[in-house]
Amino acid sequence: MTTLATRQPRVVLYEGSGAEPFAGPERAELVAALLDRGYSVTLAHEGAAAAADDATFVVVGRFAGQAPQVTAAEATVEVHDCSGRSPAEVVGLVDGARADRPLNTPGAGDSWKPWFPVIDPVRCTNCMQCLSFCLFDVYGVDADHRLRVENPSNCKVNCPACSRVCPEVAIMFPKYHAGPIDGAPVSQTDVGREKMKIDISALLGGDLYARLRERSAEAKNRFSRERSADQALAERRRCLTKLADAAAIPREVLDALPSPEEIQRKSAEAAKRAAAALAGQAAAEGMGPAASSPST
Amino acid sequence: MSGNDATGTEPTVRMLYCRCAFAQVVPADVKGAVLEGLAGSGRGFEAVADLCDMAARRDPHLADLSALAKEGTTLRIAACWPRAVRGLFHLADSPLGEAGVEILNMRTLPAERVLAGMLSGDPTAVAESAAGRDDAAAEQAAAGRIAALGQLPPTTPEGEKR
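Residues numbered from 1 in each chain as written. Chains lettered and ligands numbered in written order. Predicted model: local features only at pLDDT ≥ 70, side-chain atom pairs only at ≥ 80, totals over all residues.

*Asks:* Before we move on, could you go through the overall build of chain B and cite the residues and values that matter?
*Replies:* The helix and strand inventory of chain B stands at seven helices and four strands. Scored against the burial criterion, the 162 residues of chain B give a buried share of 52%. Here the analysis covers contacts within chain B between residues at least 6 apart in sequence; of these, 72% occur between residues at least 24 apart. (Helix = DSSP H or I, 4+ residues; strand = E, 2+ residues; numbered from the N terminus. Buried ≥ 20, exposed ≤ 12 C-beta atoms within 10 Å, placed from the backbone. Contact = placed C-beta atoms within 7 Å.)

Structure follows, in structure tokens:
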């Protein structure tokens, strides 16, 4: 699990009074370079101090030796005169000023790709199917027993599987390549298609992970009977391939799944949390404890 | 940071540009041209490396922006699908209101349409942003961009087809 800092550091490019503007193409090049490093950027024409928030650590501008003093909400901000410097040199200056502030840089070896489910609150009915399905504690519930994405960084990059189990097509992955999972409008056809996907999962045994557990158990039994590790592994591989095709789960995610026993334990935990959330919802609505819990 | 004049934009408009720097789902030529257009407009704006990254951190700045829009500032966002952008603000506990928020979709619109929405508030560009994707038209537009640039198409995530 990646622990996320609250904010990405912000740079203010100041072009207001007392500063010369950057040339147009140079300005765009500089902003692009800073964004591609992971920084947030504010291009300010008036009020460098007003443009600086508590994530701002540096203000850069062509001050011609007259750099202003800027104090943000929580800290004094460094101000650098970048007259005569190229965009690449300004980025170097900014990197130096950042010091040890954490920065999630796209493409860097240790960077975190922001891949996680995003709930469409208009479509979500809080049925908790996704909470019950996810083995990685991505989902949780808020104080009002409504679904929330609690631990985005727990999500497995490029895996959109939970969006396939959502009966309302309410789960998006904005970096997915196709609609409606990418956030494109949901059509009636999409709703039908999503339902069909759930039917496929039902064909596999009602729940993909439950089916995985069963198949693993079957394989284990066969292993004990036949004492063939190869056969057990082949069985697991067949099962995983079927899962990967049915729910578009990347192979590397399936390969990284914990042991069947661990899957069973986590699945039971998730189902328990989902049932508790549903019971909480029902109680809040004055209907008493929920009559049923989601399938696991 | 508060007020509408902090970035020097017209008094009631705040512009936010998302670079979507961690993925290649927004065509590189579109997001590049939109940034150039904003940078060359003579107006202040905010830019973030990745709105998804901000939302995952529940960055309090998203709450600031959401509050501004509710207080009467027009918030214009150049990013991706409006449904996804609204979902991201919601995830960050800063839901956007219906009024005062205009989202321009760089995944489907050409740069000039996005800029028309961002800089001139063209309502048709906003409406087109929320409309469904016409795959055939998108393919055609992409082919046109490729021919114009004389280079390879913007790539999609590993092994995926747009």
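Next, the rest of the story.
*Asks:* Describe helix 3 (residues 87-98) of chain A, naming the residues involved and giving the relevant values.
*Replies:* Over its twelve residues, helix 3 of chain A extends 16 Å from the first C-alpha to the last, a length consistent with the 16 Å expected when each residue adds 1.5 Å. Looking at the residues trailing helix 3 of chain A, positive phi occurs at Ala99(A), about 55°. (Expected span 1.5 Å × (residues − 1).)

*Asks:* Residues and numbers for the interface of chain B and chain A, please.
*Replies:* If you look at the interface, chain B gives 43 residues, while chain A gives 51 residues. When contributions to the side of chain B that touches chain A are tallied by element, the ones reaching two or more residues are helix 1 (28-39), strand 2 (45-48), helix 2 (51-56) and helix 4 (82-91) of chain B. For the side of chain B that touches chain A, the residue count by class is 21 nonpolar, ten polar and twelve charged. Of the pairings in the sheet, the one linking strand 2 (residues 40-44) of chain A to strand 2 of chain B comprises three bridges and is antiparallel in character. Directly across from Val41(A), in strand 2 of chain B, lies its bridge partner Ala47(B). (Nonpolar A, V, L, I, M, F, W, Y, C, P; charged D, E, K, R; others polar. Pairing = 2+ DSSP bridges.)

*Asks:* Summarise the confidence of the model for chain A; cite the residues concerned and give the values.
*Replies:* All names here are of chain A. When pLDDT is averaged along chain A, the result is 80, and 74% of the positions lie at 70 or above. Of all the helices and strands in chain A, helix 7 (residues 208-226) carries the lowest mean pLDDT, 55, while strand 6 (residues 118-119) carries the highest, 98. Predicted confidence is poor over residues 198-206, with pLDDT under 50, and the contacts of this stretch with residues over four places away or in other chains come to 14 contacts. Scored below 50 in pLDDT, residues 223-229 makes five contacts in the model with residues more than four places away or belonging to other chains. (pLDDT = per-residue confidence, 0-100.)

*Asks:* Give a detailed account of the packing of helix 1 (residues 24-37) of chain A against helix 1 of chain B, specifying residues and quantitative values.
*Replies:* Relative to each other, helix 1 of chain A and helix 1 of chain B sit at 125°, their axes nearing to 9 Å. Considering their axes alone, helix 1 of chain A and helix 1 of chain B lie oblique with respect to each other. At the point where helix 1 of chain A passes helix 1 of chain B, the crossing takes the right-handed sense. Between helix 1 of chain A and helix 1 of chain B, the residues in contact are Gly24(A), Arg27(A), Ala28(A), Val31(A) and Ala32(A) and Leu35(B), Glu36(B) and Ala39(B), respectively. Considered class by class, the residues forming the contact of helix 1 of chain A with helix 1 of chain B number five nonpolar, one polar and two charged. (Axes fitted to C-alpha atoms, helices over the stretch in contact; angles between N-to-C directions. Parallel < 35°, antiparallel > 145°, perpendicular 65-115°, else oblique. Left-handed = near helix turned anticlockwise from the far one by under 90°.)

*Asks:* Outline unusual backbone geometry, supporting the account with residue identities and numerical values.
*Replies:* Between Gly179(A) and Pro180(A) the backbone carries a cis peptide bond, its omega angle lying at 0°. For Pro180(A), the location among the structural elements is in the loop between strand 9 (171-172) and helix 6 (188-203). The phi angle at Ala99(A) is positive, at roughly 55°, despite the residue not being glycine. At Arg58(B), a position not held by glycine, the phi torsion is positive, near 50°. Looking at where Arg58(B) falls in the secondary structure, it is placed in the loop between helix 2 and helix 3 (60-70). The exposure class of Arg58(B) is partly exposed, given the 16 C-beta atoms found within 10 Å.

*Asks:* A description of the pairing of strand 1 (residues 10-14) of chain A should follow, citing residues and the corresponding values.
*Replies:* All names here are of chain A. Taken across its five residues, strand 1 has five buried, putting it largely inside the fold. The two faces of strand 1 match: Arg-10, Val-12 and Tyr-14 on one face and Val-11 and Leu-13 on the other face are all buried. With five bridges connecting them, strand 1 and strand 2 associate as parallel partners. For Leu-13, the partnering residue across the bridge sits in strand 2 and is Leu-43. One crossover worth recording links strand 1 to the parallel strand 2 by way of helix 1, and it is right-handed. The pairing of strand 1 with strand 3 (residues 56-61) spans five bridges and is parallel. Bridge pairing links Arg-10 to Thr-56 in strand 3. (Right-handed = clockwise from strand over helix to strand, strands pointing away.)

*Asks:* Describe the environment of Glu46(A), naming the residues involved and giving the relevant values.
*Replies:* Residue and element names in this part refer to chain A. Here Glu-46 is to be found in the loop between strand 2 and helix 2 (48-51). A residue is classified by how many C-beta atoms lie within 10 Å of it, and Glu-46, with 16 of them, is partly exposed. For the pair Glu-46 and Val-79, spaced 33 residues apart in sequence, the C-alpha separation works out to 15 Å.

*Asks:* Quick rundown of helix 5 (residues 111-120) of chain B? Include the residues and the values.
*Replies:* In an α-helix there are 3.6 residues to a turn, and that puts residues three or four apart on one side. Residues and elements named next belong to chain B. Of all the ten residues making up helix 5, seven are buried; the element is thus mostly covered by neighbouring parts of the structure. Listed as buried for helix 5 are Ala-111, Arg-113, Val-114, Leu-115, Ala-116, Gly-117 and Met-118. At the C-terminal side of helix 5, Gly-121 shows a positive phi close to 65°.

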